[in-house]
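# Examination of the molecular architecture
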Amino acid sequence: MSDETPPPPAQAPFRILPEVTEANEHFWRSGERGELAMLCCDACATWVHPPAPVCPGCLGMQLSPKALSGRARLVTFTVNHHSWIPGFDPPYVVAIVELVEQAGLRLTTNLVGVEPLRMQADPDAFIGMDVRVVFEARDDDIYLPLFEPVA
Amino acid sequence: MSPRRAPRAPLATGERVACISGIGQSDVGRRLGRDPLALTAEACLAAIADAGLTRDDIDGISTYPGGNSMGNPGFTGAGVSDVQDMLRLELDWFSGGPEAPGQLGSVIDTC
């Protein structure tokens, strides 16, 4: 049995997993260390995400993965009610969060540890709230960065 | 044999006032182990530098066959939007294969 991949936690929903490549591996695997990592320009320290070969700030081509704090702000969200993917059951919150390290450094993600219907009923009470990264470990050493409210 | 009619005056079209002011080439080879988009960036930045320009001078992109190559992956590298987004270019015009459908692309660019 030891050669079998352990199943994901019982509470984790089915997900279609990303294709891990050399360019994005740092992002999908950094959760193993409990960190959220993105590319950062060696020359001017601009964060770059999604991964790109050139810094949009200074056009430098030396970019290295660096750990972020994992803290972010909820920019906007929507509550999905349609069952698009069997096993990935609605309702769930699709959110755009902005990492505290840089204006415009945003991630589309899911919020967890929230009540989707409560958020839908009063969105203005939630937009702008502080959130932090939590990781959902999946097969193939993929750690999906999700976000939860800062208690 | 004399010409049947006098030669026409040159048309004031783009091709008469265009010039190649800079060129750039990326690394070329099999299994370079580099992101294809990085090769595109290398060539674009080399061409801009060769022309003595900066990123802010670039107002248009022309490419062929263009992004996604009409459903034939591997046939081409980056398309217009890939390059525009990567280099954060502010474009007034563009033309490519799938990006601008044939002659309509020229019409759209003049509007």
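What you see is a predicted model, and the numbers here were worked out from it, not measured in a lab.

### Concerning the interface of chain B and chain A
Counting from both sides, the interface comprises nine residues of chain B and, opposite them, seven residues of chain A. Residues that form the side of chain B that touches chain A fall into these classes: six nonpolar, no polar and three charged.

### Describing the environment of Val75(A)
Residues and elements named next belong to chain A. Examined against the element boundaries, Val75 turns out to sit in strand β4 (residues 71-80). The spatial distance from the C-alpha of Val75 to the C-alpha of Leu99 is 9.9 Å, given a sequence separation of 24 residues. Apart from the residues within four sequence positions on either side, Val75 is in contact with Ile96, Val97, Glu98 and Arg106.

### Considerations on helix α2 (residues 36-50) of chain B
All names here are of chain B. Over its 15 residues, α2 extends 21 Å from the first C-alpha to the last, a length consistent with the 21 Å expected when each residue adds 1.5 Å. Burial in α2 covers these residues: Thr40, Ala41, Cys44 and Ile48. With its buried residues spanning 100 degrees around the axis, α2 presents them on a single face. The secondary structure elements touched by the buried residues of α2 are α3 (80-87). Gly52 lies just past α2 and shows a positive phi near 75 degrees.

### Looking at the sheet that holds strand β3 (residues 63-68) of chain A
All names here are of chain A. Spatial ordering of the open sheet is given by β2-β1-β3, a layout of three strands whose pairing is antiparallel. This sheet does not close on itself; its edge strands, each paired only once, are β2 (47-48) and β3. Relative to β2, strand β1 (residues 36-41) runs antiparallel, the two being bridged by two bridges. In the strand pairing of β2, Leu39 is matched with Val48.

### Re the packing of α2(B) against α3(B)
Residue and element names in this part refer to chain B. One can describe the packing of α2 onto α3 by two numbers: an axis separation of 11 Å at closest approach and a directional angle of 70 degrees. With respect to each other, α2 and α3 are oriented roughly perpendicular. Touching Leu37, Thr40, Ala41 and Cys44 of α2 are Asp82, Val83, Met86 and Leu87, all from α3. Its residues assigned to classes, the contact of α2 with α3 shows six nonpolar, one polar and one charged.

Conventions adopted
- Residues numbered from 1 in each chain as written.
- Chains lettered and ligands numbered in written order.
- Predicted model: local features only at pLDDT ≥ 70, side-chain atom pairs only at ≥ 80, totals over all residues.
- Contact = placed C-beta atoms within 7 Å.
- Nonpolar A, V, L, I, M, F, W, Y, C, P; charged D, E, K, R; others polar.
- Helix = DSSP H or I, 4+ residues; strand = E, 2+ residues; numbered from the N terminus.
- Expected span 1.5 Å × (residues − 1).
- Buried ≥ 20, exposed ≤ 12 C-beta atoms within 10 Å, placed from the backbone.
- Arc of directions from axis to C-beta.
- Pairing = 2+ DSSP bridges.
- Axes fitted to C-alpha atoms, helices over the stretch in contact; angles between N-to-C directions.
- Parallel < 35°, antiparallel > 145°, perpendicular 65-115°, else oblique.

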